[in-house]
Amino acid sequence: MPIRTASARWQGNLTEGAGTVRTGKGGLEGNYSFKSRFEEGEGTNPEELIGAAHAGCFSMALSKQLADAGVSGTSVETTAKVHFDKTDAGMTVTRIDLETVGQAPGLDEAQFTKLAEAAKEGCPISRLLSPGAQISLTARLA
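Since this is a predicted model, take the numbers as computed values, not measurements. (Residues numbered from 1 in each chain as written. Predicted model: local features only at pLDDT ≥ 70, side-chain atom pairs only at ≥ 80, totals over all residues. Heavy atoms only, no water.)

J.: Would you mind going over the overall build of the chain with me for this structure?
T.: Within the chain, the regular secondary structure consists of four helices and six strands. In sequence order, the secondary structure elements of the chain are arranged as β-β-β-α-α-β-β-α-α-β. Dimensions of the chain along its principal axes, counting C-alpha atoms only, are 55 × 35 × 25 Å. Among the 142 residues that make up the chain, the fraction classed as buried is 30%. For the chain, contacts bridging at least 24 residues in sequence account for 48% of all contacts bridging at least 6. A total accessible area of about 9100 Å² is found for the chain, and carbon and sulfur atoms account for 52% of it. Here the chain contributes 14 positively and 17 negatively charged side chains, and the mean placements of these two sets differ by 7 Å. (Helix = DSSP H or I, 4+ residues; strand = E, 2+ residues; numbered from the N terminus. Buried < 20%, exposed > 50% of the residue type's maximum accessible area, 1.4 Å probe, protein only. Contact = heavy atoms within 4.5 Å. Areas by Shrake-Rupley, 256 points an atom, 1.4 Å probe, with all protein chains shown as cover. Lys, Arg positive; Asp, Glu negative; His and termini not counted. Charge placed at Lys NZ, Arg CZ, Asp CG, Glu CD.)

J.: Where do I start with the layout of surface pockets in this structure?
T.: Considered as a void within the structure, the largest pocket measures approximately 230 Å³ in volume. Every residue along the wall of the largest pocket is listed here: Ala6, Ser7, Ala8, Val21, Arg22, Thr23, Leu28, Tyr32, Pro46, Leu49, Ala52 and Ala53. Secondary structure elements with two or more residues in the lining of the largest pocket: strand 1 (6-11), strand 2 (18-23) and helix 2 (46-68). Considering every element that reaches the lining of the largest pocket, the biggest residue donor is helix 2, with four residues. Of the residues in the lining of the largest pocket, the class split is nine nonpolar, two polar and one charged. Structurally, the lining of the largest pocket is a two-domain feature, drawing no fewer than three residues from each of domain 1 (7-38) and domain 2 (46-141). (1 Å grid on protein atoms, 1.4 Å probe; cavity = no way out; pocket = protein on both sides within 12 Å on 5 of 7 lines; lining within 4 Å. Points joined across faces, edges and corners; volume = space filled by probe spheres on them. Nonpolar A, V, L, I, M, F, W, Y, C, P; charged D, E, K, R; others polar. Domains from an automatic or database assignment.)

J.: What is the right way to read the side chain of Thr44 from this model?
T.: Of note, Thr44 is situated in the loop between helix 1 (34-38) and helix 2. Given the relative accessible area of 14%, Thr44 is considered buried. A polar atom in the side chain of Thr44 sits 2.8 Å from the side chain of Glu48. (Polar contact = N/O pair within 3.5 Å; in protein donor to acceptor, adjacent residues only side chain to side chain.)

J.: Is there a simple way to think about the side chain of Ser33 in this case?
T.: Mapping Ser33 onto the fold places it in strand 3 (residues 29-33). Residues within four places of Ser33 in sequence aside, it is in contact with Trp10, Gly17, Glu42 and Thr44.

J.: Looking at this structure, I do not really get the domain arrangement of the chain. What am I missing?
T.: How big an interface is tends to be expressed through the accessible area that disappears when the partners come together. Considered domain by domain, the chain is made up of domain 1 (7-38) and domain 2 (46-141). One C-alpha centre belongs to domain 1, the other to domain 2; they are set 26 Å apart. Of the residues lining the interface, four residues belong to domain 1; the matching set on domain 2 comes to five residues. With both sides pooled, the region where domain 1 packs onto domain 2 buries about 390 Å², and carbon together with sulfur makes up 77% of that total. Per-residue buried area on domain 1 facing domain 2 is highest for Val21, Arg37 and Phe38; these three make up 78% of the total on that side. (Buried area = accessible area lost by both parts, 1.4 Å probe.)

J.: I tried to follow helix 3 (residues 109-122) on my own but got confused; where do I start?
T.: In an α-helix, one turn spans 3.6 residues; hence positions three or four apart end up facing the same way. Taking 1.5 Å as the rise per residue, helix 3 with 14 residues should run 20 Å; its terminal C-alpha atoms sit 20 Å apart, in good agreement. Listed as buried for helix 3 are Phe112, Leu115, Ala116, Ala119 and Lys120. Across the axial projection of helix 3, the buried residues extend over an arc of 145°, all falling on one side. Turned more than 90 degrees from where helix 3 packs its buried face, Ala110, Lys114 and Glu121 sit exposed. Buried residues along helix 3 sit in contact with helix 2, strand 5 (90-103), helix 4 (124-129) and strand 6 (134-141). (Expected span 1.5 Å × (residues − 1). Arc of directions from axis to C-beta.)

Given below as structure tokens:
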């Protein structure tokens, strides 16, 4: 497997500086700042990027679970809500709430939820983040 890369550049001090983040092949590029991370300023932040990575990884993992269960013609849409909280150790990603909606012809809610839970457990980004952050999942059919 190839090694994936991303880069960031920051200029200035913490509260008044600004930076850019970029994925290795340039698929994503964005500005970030103190305000976009700790307040409600324009731009992105590392926590949103973690959320995007987690939502993307989980959606692919659930798509595989569905295919393995014989369900075709599916769609999966996932939102990851990343909680960035002050703890005794400092600012920390404490929890990620995954919310997914799928189209899975022939499955009922219980079957879909079971496959979604398996996807959460098997998703490489979930496995990376779960030792330090609680990951919750809400799954429903469209």
